Structures are given as structure tokens and as C-alpha cells.
Amino acid sequence: MSGTVAVVTGAAGDIGLAIAQRLSQTHDKIILADINTEAVTKLCEGHRDQFVPVTCDVTREADCATLAAEAAGHGTVSVLVNNAGAARAVSLGDTTAEIFRQDTALNLEAAFLTFQALEADLKSTRGSVVNIASVNGLAVFGHPAYSAAKAGLIHLTKLIAVEYGKYGIRCNAIAPGTVKTQAWEARAAANPNVFEDAKRWYPLQRVVDPKDVANAVAFLSGAEASAITGVCLPVDCGLLAGQAELARTFSQSDNY
Ligand SMILES: NC(=O)c1ccc[n+]([C@@H]2O[C@H](COP(=O)([O-])OP(=O)(O)OC[C@H]3O[C@@H](n4cnc5c(N)ncnc54)[C@H](O)[C@@H]3O)[C@@H](O)[C@H]2O)c1
């Protein structure tokens, strides 16, 4: 046990919970921050020795200050995981100014606000920040406003790494591919085969599990990654490496 505290935002979601569970193996206290009070409180039931639920809208500066104050009651934060996020499945042509602002506030600005709120803790612990970005921040797969915000989040990761490296703070991002979570409920309702359809684009022929993302967070935030900062690690079952179907078309080889 490190004797320190980890903060995970959006912790009532499937990826956030998997991250909190994984970090509980190496940290005394995990602050599970989420806008959904009922869900996050329920998840912490039976784990109150290690899990601390905090209601927090990460797009609000005042809530981020409250989050930092609540965390301070349990120790000094050494790991911040900016996981809260959501996408709107519309085209750029259907994106309104309001959607653009909301997606940017949640998927980019919020990570800046939480970092600012916890900056003093992270300096004193020579801590680590992990931003959960997306493959959408690295290539176009739909969700335009979300994608632009995630691309910004990958750049924010580098900004923190470069300016705060002198304090020993490391900051890295993770870009997951498709992860089967609650966020997919509406799309899975519209097309029950959505995950099967998605698999053909993934070299590993499967989608990502929340635990895959959690393991990457544990690595990047831990001592084994002590020389790694400012990177974005795809956890995408090979999606960004290329598509076998396209390679087959171009090469006319059945080996793909
Ligand atoms: N599921 C995927 O396929 C996928 C792929 C790539 C990246 N991601 C990223 O992973 C992260 C987690 O996604 P998920 O699929 O677990 O989503 P999810 O919808 O299951 O969980 C997101 C959680 O964030 C919380 N939240 C939403 N707005 C908030 C706010 N303003 N303040 C605090 N909490 C808020 C929600 O209440 C929810 O508990 C997101 O950043 C998402 O963009 C997901």
C-alpha cells in the first residue's frame, strides 16, 4: 500500500469502476467521484473502508474544489484519473453549438479543472495523472465534438507533462477503442449486433474490456512507468494499427 489516495472521476461507469477496483490493490483510499450520487454511493456500499463516494460535476469549478477538499480528509492524492466523459453520436453537420460546448466542457475542460484543484497534492506526492481519451481523439470514427475534445485532452496531457515534469508529476493518456459499457446502451438497443459489427475492424477480433483499460491505468500511474510521461497509449485491440479488410483489398492476399 502506498498510503496515499487515488481519485477516479466518472467512477460510477463501467470503466471508472474497473479503474477504481484495480487501483484499490495498490492504494489505501480511492475517491470515486461522479455526478450520479445514487449510483456512486451504491457502488461503495460494502467497501467503505477503501472506497469513498463523492458527488461531483467535473465541469463545475466549485465541485472540483469540493472534490479536492473531500479527498484531503483521507490523505494526499497521488493519482488522478480523469475518466468522466461522454459522446454524442451525431455528425458534424448535426452538431449544434450547445453540443459542441457540452462535449468540450466534459471531455476536455473538466480534466483541466480537476488537475488545477488537485495540483498541490500532486506536486507534494510527485503524483501521476492519467487522462482517459479515446481512439476518437486520434482518428475519425464519428462523434465530432467529442473527438475534437479528446484530441484536446491528448494535448492537455502533453502540456501537463512538460510544464509539471519538474515537480515529478507525470501525465499520460489512454485511448481506448470500443469498450462495452453503459455508454453503449442506446446504440446497442438500436442495433443489437453493434459489438459483433464492430469486431471485424479490430485486428484482435474483439472489443476492449473495462479491465484492459484499468490495467493500463495501473501501469501508467505506477512506478514501472516512472520514465513515461506525455504519451497517449492506445488500448484498442489494434484498431489504430490498421484494418485487415482494407489490407486484403489492397494486397489481394487471403493471408489477411
Ligand atoms: N465505452 C467506450 O467504448 C469508450 C471508448 C473510448 C473511450 N471511452 C472513455 O472512457 C470513459 C468512461 O466511459 P464509459 O464507457 O465507462 O462511460 P459511462 O457512461 O459508462 O460512464 C461515465 C460516467 O461518467 C459520469 N459522468 C458523466 N458526466 C459527468 C460529470 N459532468 N461529472 C462527473 N461524472 C460524470 C456518469 O455518471 C457515468 O457514471 C469516458 O471518458 C469515455 O469517453 C469510452
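So, how was this worked out
- Residues numbered from 1 in each chain as written.
- Predicted model: local features only at pLDDT ≥ 70, side-chain atom pairs only at ≥ 80, totals over all residues.
- Heavy atoms only, no water.
- UniProt positions renumbered as here; feature names shortened; annotations may be inferred.
- Helix = DSSP H or I, 4+ residues; strand = E, 2+ residues; numbered from the N terminus.
- Rg over C-alpha atoms; globule rule 2.2 N^0.38 Å.
- Buried < 20%, exposed > 50% of the residue type's maximum accessible area, 1.4 Å probe, protein only.
- Areas by Shrake-Rupley, 256 points an atom, 1.4 Å probe, with all protein chains shown as cover.
- Lys, Arg positive; Asp, Glu negative; His and termini not counted.
- Charge placed at Lys NZ, Arg CZ, Asp CG, Glu CD.
- Expected span 1.5 Å × (residues − 1).
- Bend = angle between axes of the 7 residues up to and from the residue.
- Salt bridge = Lys/Arg side-chain N within 4 Å of Asp/Glu carboxyl O.
- Near = heavy atom within 4 Å.
- Polar contact = N/O pair within 3.5 Å; in protein donor to acceptor, adjacent residues only side chain to side chain.
- Pairing = 2+ DSSP bridges.
- Axes fitted to C-alpha atoms, helices over the stretch in contact; angles between N-to-C directions.
- Contact = heavy atoms within 4.5 Å.
- Right-handed = clockwise from strand over helix to strand, strands pointing away.
- Phe/Tyr/Trp six-rings, centres within 6.5 Å; stacked < 30°, edge-to-face > 60°.
- Lys NZ or Arg CZ within 6 Å of the ring centre and 35° of its normal.

As recorded in an unreviewed UniProt entry, the protein goes by SDR family oxidoreductase and comes from Roseibium litorale. Listed under Sequence similarities (unreviewed entry) in UniProt, the entry text for the protein is "Belongs to the short-chain dehydrogenases/reductases (SDR) family."

Asks: Can you help me understand the overall build of the protein in this one?
Replies: Looking only at helices and strands, the protein features nine helices and seven strands. Its C-alpha radius of gyration of 18 Å places the protein within 12% of the 18 Å reference for a compact globule of 256 residues. Going through the 256 residues of the protein one by one, you find that 47% of them count as buried. Accessible area of the protein: about 12400 Å², with a carbon and sulfur share of 53%. Side-chain charges in the protein split into 20 positive and 26 negative, and the spacing between the mean points of these groups amounts to 4 Å.

Asks: Before we go on, may I ask you to explain helix α4 (residues 97-125) in this structure?
Replies: Residue pairs spaced three or four apart in an α-helix point in one direction, given the helix's 3.6 residues per turn. The first and last C-alpha atoms of α4 sit 39 Å apart over 29 residues, in line with the 42 Å expected at 1.5 Å per residue. At Leu-118, α4 shows its strongest bend, of approximately 60°. Arg-126 lies just past α4 and shows a positive phi near 50°.

Asks: Teacher, can you tell me more about unusual backbone geometry here?
Replies: Glycine aside, negative phi is the norm for most residues, and most peptide bonds take the trans geometry. A positive phi angle, near 55°, is found at Gln-205, a position not held by glycine. Note on Gln-205: relative accessible area 62%, which makes it exposed. One non-glycine residue, Gln-252, lies in positive phi territory at about 55°. By the secondary structure assignment, Gln-252 is in the segment after α9 (244-251). Classification of Gln-252 by relative accessible area gives exposed; the value is 66%.

Asks: Mind showing me how you'd approach the pattern of salt bridges here?
Replies: Side-chain pairs of opposite charge can arise whenever the charged atoms involved come near each other. Here the structure, examined in full by the defined rule, presents seven salt bridges. Note that Lys-123 and Glu-119 form a salt bridge whose closest N and O atoms lie 3.1 Å from each other. Of the two residues, Lys-123 and Glu-119 are both situated in helix α4; the distance of four residues between them amounts to about one turn of the helix. Residue classification places Glu-119 among the buried residues on the basis of a relative accessible area of 17%. Lys-199 is the salt-bridge partner of Glu-196, the closest N and O atoms lying 2.7 Å from each other. Of this pair, Glu-196 and Lys-199 are both found in helix α7 (residues 194-199), three residues apart, which corresponds to roughly one turn of the helix.

Asks: How do you make sense of the site of the ligand when you look at a structure like this?
Replies: Taken together, 28 residues surround the ligand, and among them Asp-34, Asn-83, Tyr-146, Val-179 and Thr-181 come closest. Measuring from an oxygen atom of the ligand, one finds a backbone N or O atom of Ile-15 at 3.3 Å. In the model, a nitrogen atom of the ligand is placed 3.3 Å from a nitrogen or oxygen of the Ile-35 main chain. Across the complex, the protein chains shield 88% of the 830 Å² of accessible surface that the ligand would expose by itself. Those elements that place two or more of their residues in the shell around the ligand are α1 (14-23) and α5 (144-164).

Asks: Any chance you could explain the sheet that holds strand β5 (residues 128-132) here in plain terms?
Replies: Within a beta sheet, neighbouring strands are joined by backbone hydrogen bonds and run either parallel or antiparallel to one another. Overall, parallel pairing links the seven strands, which are arranged β3-β2-β1-β4-β5-β6-β7 in an open sheet. Of all the strands in the sheet, just β3 (51-55) and β7 (232-235) have a single pairing partner and so form its edges. Going from strand to strand, the sheet's axes swing by 20° on average, the running direction of each strand aside. Along the sheet face, α4 touches β1 (5-9), β4 (77-82) and β5 and points at about 160° away from the line of β4.

Asks: So what exactly am I meant to see when it comes to the pairing of β3 here?
Replies: Each regular strand carries side chains that alternate between the two faces of the sheet. Counting buried positions over the five residues of β3 gives four, a clear majority of the element. By the bridge criterion, five bridges tie strand β2 (residues 29-34) to β3 in an arrangement that is parallel. Considered in β3, the bridge of Ile-31 is made with Val-52. Following the chain from β2 across helix α2 (residues 37-44) to the adjacent parallel β3, one finds a crossover that is right-handed.

Asks: Would you mind showing me how to read the packing of aromatic side chains here?
Replies: In this description, an aromatic ring pair is defined by two values, namely the gap between the centres and the angle between the planes. All chains considered together, the criterion is met by three aromatic pairs. Summarising the aromatic geometry, the rings of Tyr-164 and Tyr-167 are spaced 5.9 Å apart at their centres and angled 40° between planes, so their arrangement reads as tilted. On the accessibility criterion, Tyr-164 (13% relative accessible area) is buried. Members of the aromatic cluster, each reached through a chain of ring pairs, are Phe-115, Tyr-164 and Tyr-167. Over the ring of Tyr-167 we find Lys-123; its NZ or CZ atom is 4.5 Å from the centre of that ring. One Lys or Arg, Arg-187, reaches over the ring of Trp-184 and ends 3.8 Å from the middle of that ring.

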